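Working through the structure, step by step
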Amino acid sequence: MRIDRLSTGQALTQNGCGMQMATASPLAGAWIDAYDGHHPIVDVGCAYGLAVKEAAARSVPVLAIDCCEEHLEAVRHTCAGLPSFEGARFGRLPDDLSLPAASASSILVAEVLHFLNGPQCDRALAALHATLVPGGLLFVTAQSVEGFLKVVFPDGNAEARRVRDGVAKRAAAGERWPGTYVMESEDVDLEQIYSGVLRESVGAHLPPEALRAATPKYEVVHTAQHLRAGAERAGLIVVSAVETSHPGYPDGADVVQLVARRPL
Ligand SMILES: C[S@@+](CC[C@H](N)C(=O)[O-])C[C@H]1O[C@@H](n2cnc3c(N)ncnc32)[C@H](O)[C@@H]1O
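No experiment lies behind these values; they were computed from the predicted model shown.

1. Focus: the overall build of the chain
Of regular secondary structure, the chain possesses 10 helices and nine strands. Computed over the C-alpha atoms, the radius of gyration of the chain is 18 Å, within 12% of the 18 Å expected from 2.2 N^0.38 for a compact globule of 264 residues. Evaluated residue by residue, the chain yields a buried proportion of 47% over its 264 residues. Sequence-distant contacts, at least 24 apart, represent 67% of the contacts inside the chain between residues at least 6 apart.

Pasting the structure below:
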């Protein structure tokens, strides 16, 4: 299998899901620390296993989940021989996570929720809640509205304003996931973003077809406020929901970071 990398370290996915970031989620350290000593920690949407490897290197029992068999094969190869690696298994949010209820002490979902629509995000959070042991912790990072706009319209121009206003209007109308605006707006063309913006900058050395193959077909962007509300609807206790930068994005873009706990 060929893994194409940007010059800034991100690795293109095999299944039209953008890229594995250059560094693990800023929440990866806390995700590993949340191991309860009994139940494994789980990385959902592990791609090539960047965060899984960090956990296994610290001898924490870790299970890798992804919806792409090629990614899982790569993780098995990378983590073979690491004693606390508990395997790489197929699973797909929201309805096919294929993990027993109350089986994980800590779950990481990094840069995955933006491939789900609003109702799927609600079901995903409910499924993650059910998979955690009581008291277990969920760590989510996902692309934010402002982070997305910074990449797509770096000059903060009129199109960026239109997208921002579109999201704000949907939020004001009470939509649960107003970032779905991005997929329904004619102001955003994901193919153009990946094949244009990325190729001209950090992906200049890559064949255009590799970037095109990794281009997501769907991308919802999030706000801390709406991700917090989604987690609370799923019955989780939100520990924190903030927007900060992710150094592993090509431009260190802002992401929403959510930490939430399953009640005891
Ligand atoms: C953008 S990559 C992020 C990879 C990694 N978590 C990181 O932080 O760099 C998204 C990953 O999530 C996986 N994925 C996408 N949709 C998924 C779903 N519905 N359920 C499980 N995994 C999914 C993709 O196959 C891909 O490996």
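2. Here's the deal with the site of the ligand
Taken together, 24 residues sit near the ligand, with Cys17, Met21, Gly45, Ala47 and Ala110 positioned nearest. Of the residues belonging to the shell around the ligand, the class tally is 13 nonpolar, eight polar and three charged.

3. Let's talk about the sheet that holds strand β3 (residues 41-44)
Here we have seven strands laid out as an open sheet, ordered β5-β4-β3-β6-β7-β9-β8, and mixed in their pairing. Each edge of the open sheet is held by one strand with a lone partner, namely β5 (85-90) and β8 (237-245). Between one strand and the next, the sheet's axes are offset by a mean angle of 15 degrees, whatever the strand orientation. Where strand β4 (residues 62-66) meets β5, four bridges bridge the pair, whose relative direction is parallel. Paired with Ile65 across the strands is Arg89, a residue of β5. In the packing of helix α10 (residues 224-233) onto the sheet, the strands contacted are β7 (132-143), β8 and β9 (254-261), and the crossing angle to β8 comes to about 155 degrees.

4. Thoughts on α10
Every buried residue of α10 is accounted for by His226, Leu227, Gly230 and Ala231. Buried residues along α10 cover an arc of 140 degrees about the axis, so they all sit on one side. Residues of α10 that are buried sit in contact with α4 (118-131), β7, β8 and β9. Of the residues flanking the end of α10, it is Gly235, one or two places downstream, whose phi is positive at about 90 degrees.

5. Observations regarding the UniProt feature "domain: Methyltransferase" (unreviewed entry) in the chain
Per the UniProt record, "domain: Methyltransferase" (unreviewed entry) is found at residues 41-136. Span residues 41-136 is 34% helix and 28% strand, its end C-alpha atoms 10 Å apart.

6. What to know about the environment of Ala168
Residue position: Ala168 is located in helix α6 (residues 158-172). On the basis of neighbour count, Ala168 is assigned to the partly exposed category, with 14 C-beta atoms found within 10 Å. For the pair Ala168 and Ser185, spaced 17 residues apart in sequence, the C-alpha separation works out to 13 Å.

7. Examining the packing of α4 against α10
One can describe the packing of α4 onto α10 by two numbers: an axis separation of 8 Å at closest approach and a directional angle of 55 degrees. When the axis of α4 is compared with that of α10, the two are oblique. Of the two possible hands of crossing, α4 and α10 adopt the one that is right-handed. Listed contacts from α10 to Cys121, Asp122 and Leu125 of α4 are Gly230, Ala231 and Arg233.

8. So, the pairing of strand β6 (residues 104-110)
Where burial is concerned, most of β6 is hidden: seven out of the seven residues are buried. Remark: the β6/α4/β7 crossover connection has right-handed handedness.

9. Focus on unusual backbone geometry
With an omega of 5 degrees, the peptide bond running from Leu93 to Pro94 counts as cis. Along the chain, Pro94 falls in the loop between β5 and β6. Unlike most non-glycine residues, Ala102 shows phi in positive territory, near 50 degrees. Here Ala102 lies in the loop between β5 and β6. Backbone geometry places Glu111, a non-glycine residue, at a positive phi of 60 degrees.

Quick notes on the rules
- Residues numbered from 1 in each chain as written.
- Predicted model: local features only at pLDDT ≥ 70, side-chain atom pairs only at ≥ 80, totals over all residues.
- Helix = DSSP H or I, 4+ residues; strand = E, 2+ residues; numbered from the N terminus.
- Rg over C-alpha atoms; globule rule 2.2 N^0.38 Å.
- Buried ≥ 20, exposed ≤ 12 C-beta atoms within 10 Å, placed from the backbone.
- Contact = placed C-beta atoms within 7 Å.
- Near = placed C-beta within 6 Å.
- Nonpolar A, V, L, I, M, F, W, Y, C, P; charged D, E, K, R; others polar.
- Pairing = 2+ DSSP bridges.
- Axes fitted to C-alpha atoms, helices over the stretch in contact; angles between N-to-C directions.
- Arc of directions from axis to C-beta.
- UniProt positions renumbered as here; feature names shortened; annotations may be inferred.
- Parallel < 35°, antiparallel > 145°, perpendicular 65-115°, else oblique.
- Left-handed = near helix turned anticlockwise from the far one by under 90°.
- Right-handed = clockwise from strand over helix to strand, strands pointing away.

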